[in-house]
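Geometric and topological summary
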Amino acid sequence: MGKKYLLRCSCGQELAVEPAQAGQAIRCSCGQELEVPSLLALRRLPLVPAEPRDGLPTRWGVRHRLISIGSLVIGVALAWLGLLVWTWPEKPHVPEPITWHLPPPEGHKSPLQKTTDQLTLLESYWAWQSLPRQLDLLSDAPMSQYKQQVASATNWLIVGIVIALLGFVCLTSAWLVPGQRTGRLRAGSPGKSA
């Protein structure tokens with residue numbers, strides 16, 4: 001939309017004129033005929049103030065900022081929580097009762113496989129010889145490491161939930177802030193030509 005200038009009538013009323021009307025004659029609502037000056041002289045007249053759009057705020061207010069910040073914080077928190085759930089620690093495989101592989105008895109080709117409760121005294125000695133290979137299975141280290149990982153992941157999950165709640169509070173508080181009011185020109189105001 002082009003610029004409009006205010007042309008004052010002798011009755012005190014101001015008429016809005018466009019550059020395309022330069023050199024033409026217009027009539028005021030009081031009945032007097034006015035001549036619109038040339039383009040050069042028209043530029044010396046005051047400009048018509050810009051009309052704000054009906055119902056739309058002209059700039060961002062506090063409400064818009066709170067909605068933007070709250071939405072951004074909730075989005076980041078949800079992405080963080082999704083990443084935590086995606087990378088949640090897996091429970092280590094807890095072995096069944098340990099199966100010992102013992103040398104085959106005379107006349108057999110395959111080794112014996114027995115649990116600890118089934119071993120004889122001699123078989124226990126052979127099992128003790130192979131004990132260094134079985135220490136990882138007997139150790140509680142994988143389960144304690146898993147518990148530490150779950151505790152750490154739970155703490156970060158709580159942090160993510162608290163951040164998401166802060167974003168939600170920010171978003172809902174935007175509705176408590178009064179809306180920005182825009183000024184509207186009345187239809188019968190003296191800035192419009194008849």
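Notes on the structure in this doc start here.

Cut-offs and rules
In every chain, residue numbers begin from 1 and rise along the written sequence. In view of the model being predicted, local features appear only for residues whose pLDDT reaches at least 70, and side-chain atom pairs are presented and counted only at 80 or more, with totals across whole chains, interfaces and linings using the full set of residues. For side-chain calculations, the full set of non-hydrogen atoms in the structure is used, while hydrogens and water are omitted. As used in this record, nonpolar core signifies buried Ala, Val, Leu, Ile, Met, Phe, Trp, Tyr and Cys residues forming a set joined through side-chain atoms within 4.5 Å. Throughout this description, buried means an accessible area under 20% of the type-specific maximum (1.4 Å probe, protein chains only), exposed means over 50%, and partly exposed covers the range between. Each helix is a run of DSSP H or I of at least 4 residues and each strand a run of E of at least 2, with the numbering of both proceeding from the N terminus. Any two strands with at least two DSSP-identified bridges between them are counted as paired. A side-chain nitrogen of Lys or Arg and a carboxyl oxygen of Asp or Glu constitute a salt bridge if their distance falls within 4 Å. We call two residues in contact whenever any of their non-hydrogen atoms come within 4.5 Å of each other. Within this analysis, patches are made of residues with over 30% relative accessible area and no salt bridge. Like charges are joined at 9 Å or less; nonpolar side chains (Val, Leu, Ile, Met, Phe, Trp, Tyr) at 5 Å or less. Each accessible area value is a Shrake-Rupley result obtained with a 1.4 Å probe; residue values ignore everything except the protein chains displayed when judging cover.

In this section: the nonpolar core. Of all hydrophobic cores here, the largest spans 10 residues; its members are Tyr5, Leu7, Cys9, Leu15, Val17, Ile26, Cys28, Leu34, Val36 and Leu42. At the level of secondary structure, the elements contributing two or more residues to this core comprise strand 1 (5-8) and strand 2 (14-17).

Pairing analysis gives four bridges linking strand 1 to strand 2, with the strands arranged antiparallel. For Leu6, the partnering residue across the bridge sits in strand 2 and is Ala16. Linkage of strand 1 to strand 2, two consecutive antiparallel strands, is achieved through a turn of five residues, within which Gly12 is found at a positive phi near 100°.

Our focus in this paragraph is the pattern of salt bridges. Enumeration over the complete set of coordinates arrives at three salt bridges. The partner of Glu18 in a salt bridge is Lys4, with the nearest N and O atoms 3.9 Å apart. With Glu18 in the loop between strand 2 and strand 3 (25-27) and Lys4 in the segment before strand 1, this residue pair connects regions lying 14 residues apart in the sequence. Residue class for Glu18 comes out partly exposed when judged on its relative accessible area of 36%. A salt bridge links Arg8 to Glu14; the shortest N-O distance between them is 2.9 Å. Residue classification places Arg8 among the exposed residues on the basis of a relative accessible area of 52%.

Positionally, Trp88 belongs in the loop between helix 2 (62-86) and strand 5 (99-102). For Trp88, a relative accessible area of 31% gives the class partly exposed. For the pair Trp88 and Thr154, spaced 66 residues apart in sequence, the C-alpha to C-alpha distance is 9.2 Å. If we skip the residues at most four places from it in the chain, Trp88 touches Val150, Ala153, Thr154 and Leu157.

With that settled, consider a nonpolar patch on the surface. A cluster of nonpolar residues, Trp80, Leu83, Trp156, Val159 and Ile163, forms a patch on the protein surface that exposes about 450 Å² of accessible area. Of all the secondary structure elements, the ones that give two or more residues to the nonpolar patch are helix 2 and helix 5 (141-173). With three residues, helix 5 is the largest single contributor of residues to the nonpolar patch. Here Ile163 is to be found in helix 5. For Ile163, a relative accessible area of 36% gives the class partly exposed.

Just distances and angles here, no functional claims.
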